[in-house]
Number of protein chains: 2
Amino acid sequence: MQIYVAIKLNENQKAYLKSHVIRARLIFKDEIEKEHRCDVFLQSDICFGNVRPDWLEMTDRLQWIQLQSVGFGEYQKVKGRVPFIMTHLKNFFAVPVAETALAGILTLYRGIYIMEEDRKSKNWRGVSLRPHLHLLHKKDVLILGGGAIGQHFKKLLAAFDCDTTVYGRRATNSDIQADHELDEAIGKCDILVSILPGTKETIGIINRDRLESLKSSALFVNVGRGSAVDEPVLIELLKNKKIAGAVLDVTYEEPLPVDHPLWDCPNTLITQHTAGGYDDEILDIVKVFLGNLERFQSGESLEHEVDLKRGY
Amino acid sequence: MQIYVAIKLNENQKAYLKSHVIRARLIFKDEIEKEHRCDVFLQSDICFGNVRPDWLEMTDRLQWIQLQSVGFGEYQKVKGRVPFIMTHLKNFFAVPVAETALAGILTLYRGIYIMEEDRKSKNWRGVSLRPHLHLLHKKDVLILGGGAIGQHFKKLLAAFDCDTTVYGRRATNSDIQADHELDEAIGKCDILVSILPGTKETIGIINRDRLESLKSSALFVNVGRGSAVDEPVLIELLKNKKIAGAVLDVTYEEPLPVDHPLWDCPNTLITQHTAGGYDDEILDIVKVFLGNLERFQSGESLEHEVDLKRGY
């Protein structure tokens, strides 16, 4: 059995993987010549890490691919029969993403980003800053997306005695599901947080009307996908201070070009699609793969299989 | 009955106070000439807000002073008999201070302060930042100070599944009380948070030995009083990256002078003694005073009386 390892690993992570894999041959992408990679992939039974979507149309040997991401939108266009299993990192990023969302909100509310500017100029403003700070305590937070990130974020917010409302498709893990309920909740929230994936249903869901109905004191946070929001309208509202600020991990274009207006919007933190990251991220992804590999080798069903046709 | 209002209020706050005070005359400090202020104070029965300590030695009329602070160290040197009651803002700042402490920690762990620099230069580093980020999740946090701030902070940390240890004098609200327990806990914590007041017992308690025993990955947070830590040693450790960073709301000198080395320490956030601040801070302090005034006028005992001799 041959495993093609497409995820980029450092020497320690490779050593960890090697020491835990039995009855299979590991081939690391960065240890073979670029022009041979596709051939090696096509001879492999298992793939660990994301590869080009068109490779998946060519394979007739692959039995299972473990993605190194939650999102798999680029694979939805794979044509033809899909004889292999695809698993993704569902739930994996709940803790880091929720922590970055909270870090951004607290940075804005507690004025940390202003004080970081003061630090550069060695300017102590002290007591005059105090009336410009805000508390997260007891704020009304609307979370779009009922998945693992939303649930973990809700747990963090409970410690701040926040009033949270979760909008999602399924009643089991959301408080509201209907469009008119969403409209109403957006108009009264203090913080709107989008954790929506990039699917047909979510594109542009946070449209002009919804953005314009936000309170002028409201914050907008996006740690889902940039496509969920009408970005030009968001920029217009931020520039004109019609809303109080934003924390954006995701945008239409990534990386954000140097001349993009979002860099200059007031009270806007750009977290560069790092919300899922942390020191042990890659090693923990290796551990997820190893857990599934053990299941695969003993004929059990794998964790977090995706349905390419449904999109989740 | 005359009330001398030493706390600085804006017109709305004054109007709120006036509309809620009955059977008493309010005199606002900023509405009388500087040279008459002391005389007016000496003719007052009640004082709302902090005044010069030597005025308290002169008064024989004052029955009660409501401080606008938790700290009252400057009044401990008041000589002679103290015939009046002094109340302070015990517990008042628990929520904002705990939120600023957490905001600072998450700013460092989630790299927000780095990304704010990137934003100035419009530099998207994205995925290469991810291994440099950390999680608060499950970290070991040592909190010095068992008061209201420490208890609220502990509640917030519980949502992050942190392992918290509270050091304090009284066993009722702390996990450890002995010196050797403190030494041991400092050596193994990920985050050391001081919320200690400025008393004889706390000066220099975080000494060289204790600072040097911190892990190199540890963060130091001070939202208590600057005097608790050996500041020159802290600066040395930060500059030499012997510890990973600091969040300092308080310092030996405040405001921090322009040429102070703390401004330039790496991974060090200076929050300028604003941790207790928030938009409704002053109005909420007025409400605390009004609650105590009602008790005073109906002969009940007041909330949060201080013991000037014991220091808390």
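Look above for the structure.
Residues numbered from 1 in each chain as written. Chains lettered and ligands numbered in written order. Predicted model: local features only at pLDDT ≥ 70, side-chain atom pairs only at ≥ 80, totals over all residues. Heavy atoms only, no water.

## Some thoughts on the interface of chain A and chain B
Then, in step 1: Each partner contributes residues to the interface: chain A has 59 residues there, and chain B has 59 residues.
Then, in step 2: The tally of links between chain A and chain B comes to eight salt bridges.
Then, in step 3: The salt bridge involving B:D161 is made with A:K155; its shortest N-O contact spans 3.1 Å.
Then, in step 4: For the pair chain A and chain B, the interface holds 41 residue pairs in polar contact (both at pLDDT 80 or more).
Then, in step 5: Of all the elements in the fold, those that place two or more residues in the side of chain A that touches chain B are α4 (94-109), α5 (112-121), α6 (148-159) and β11 (268-270) of chain A.
Then, in step 6: At nine residues, α4(A) tops the list of elements feeding residues into the side of chain A that touches chain B.
Then, in step 7: For the side of chain A that touches chain B, the residue count by class is 27 nonpolar, 15 polar and 17 charged. (Contact = heavy atoms within 4.5 Å. Salt bridge = Lys/Arg side-chain N within 4 Å of Asp/Glu carboxyl O. Polar contact = N/O pair within 3.5 Å; in protein donor to acceptor, adjacent residues only side chain to side chain. Helix = DSSP H or I, 4+ residues; strand = E, 2+ residues; numbered from the N terminus. Nonpolar A, V, L, I, M, F, W, Y, C, P; charged D, E, K, R; others polar.)

## A short note on the side chain of B:R119
Then, in step 1: Structurally, the position occupied by B:R119 is in helix α5 (residues 112-121).
Then, in step 2: When sequence neighbours within four positions are dropped, the list of residues in contact with B:R119 reads A:W263, A:C265, A:T268 and A:I270.

## Thoughts on the sheet that holds strand β7 (residues 163-167) of chain A
Residue and element names in this part refer to chain A.
Then, in step 1: Spatial ordering of the open sheet is given by β7-β6-β8-β9-β10-β11, a layout of six strands whose pairing is parallel. Of all the strands in the sheet, just β7 and β11 have a single pairing partner and so form its edges. With direction set aside, neighbouring strand axes in the sheet form an average angle of 10°.
Then, in step 2: The pairing of strand β8 (residues 191-194) with strand β9 (residues 219-222) spans four bridges and is classified as parallel. Residue pairing across strands places V193 opposite V221, the latter belonging to β9. (Pairing = 2+ DSSP bridges. Axes fitted to C-alpha atoms, helices over the stretch in contact; angles between N-to-C directions.)

## Details of the relation of the copies chain A and chain B
Then, in step 1: Expressed as a screw transformation, the operator carrying chain A onto chain B has a rotation angle of 180° and an axial translation of 0.0 Å, and the superposed copies differ by an RMSD of 0.1 Å. In short, the pair behaves as if placed about a two-fold rotation axis.
Then, in step 2: Counting the interface residues of chain A, we find that 100% of their copies in chain B are interface residues as well, pointing to one common contact surface. (Least-squares fit on C-alpha atoms with pLDDT ≥ 70 in both.)

## A look at the sheet that holds strand β11 (residues 268-270) of chain B
Residue and element names in this part refer to chain B.
Then, in step 1: In space, the six strands of this open sheet follow the order β7-β6-β8-β9-β10-β11, with parallel pairing throughout. Looking at the sheet topology across the chains shown, the edges are occupied by β7 (163-167) and β11. Between one strand axis and the next, the sheet turns by 10° as a mean value, whatever way the strands run.
Then, in step 2: Across the face of the sheet, helix α7 (residues 179-188) comes into contact with β6 (140-144), β7 and β8 (191-194) while running at roughly 140° to β6.

## Considerations on the pattern of salt bridges
Oppositely charged side chains are able to pair whenever their charged atoms sit close together.
Then, in step 1: Considering all chains together, one arrives at 36 salt bridges over all chains under this definition.
Then, in step 2: The partner of B:E281 in a salt bridge is A:R130, with the nearest N and O atoms 2.6 Å apart. One end of the pair, B:E281, is in helix α10 (residues 281-297); the other, A:R130, is in the loop between α5 and β6 (140-144), on a second chain.
Then, in step 3: Residue B:E281 is classed as buried on the basis of its relative accessible area of 6%.
Then, in step 4: A residue is classified by how much of its surface remains accessible, and A:R130, at 11% relative accessible area, is buried.
Then, in step 5: Across the salt bridge formed by A:K215 and A:D190, the nearest N and O atoms sit 2.9 Å from each other. A residue pair is termed long-range when its members are at least 10 positions apart, and A:K215 in the loop between α8 (208-212) and β9 and A:D190 in the loop between α7 (179-188) and β8 qualify at 25 residues.
Then, in step 6: A network of salt bridges, in which partner residues are shared, links A:E116, A:R119, A:K120 and B:E117. (Buried < 20%, exposed > 50% of the residue type's maximum accessible area, 1.4 Å probe, protein only.)

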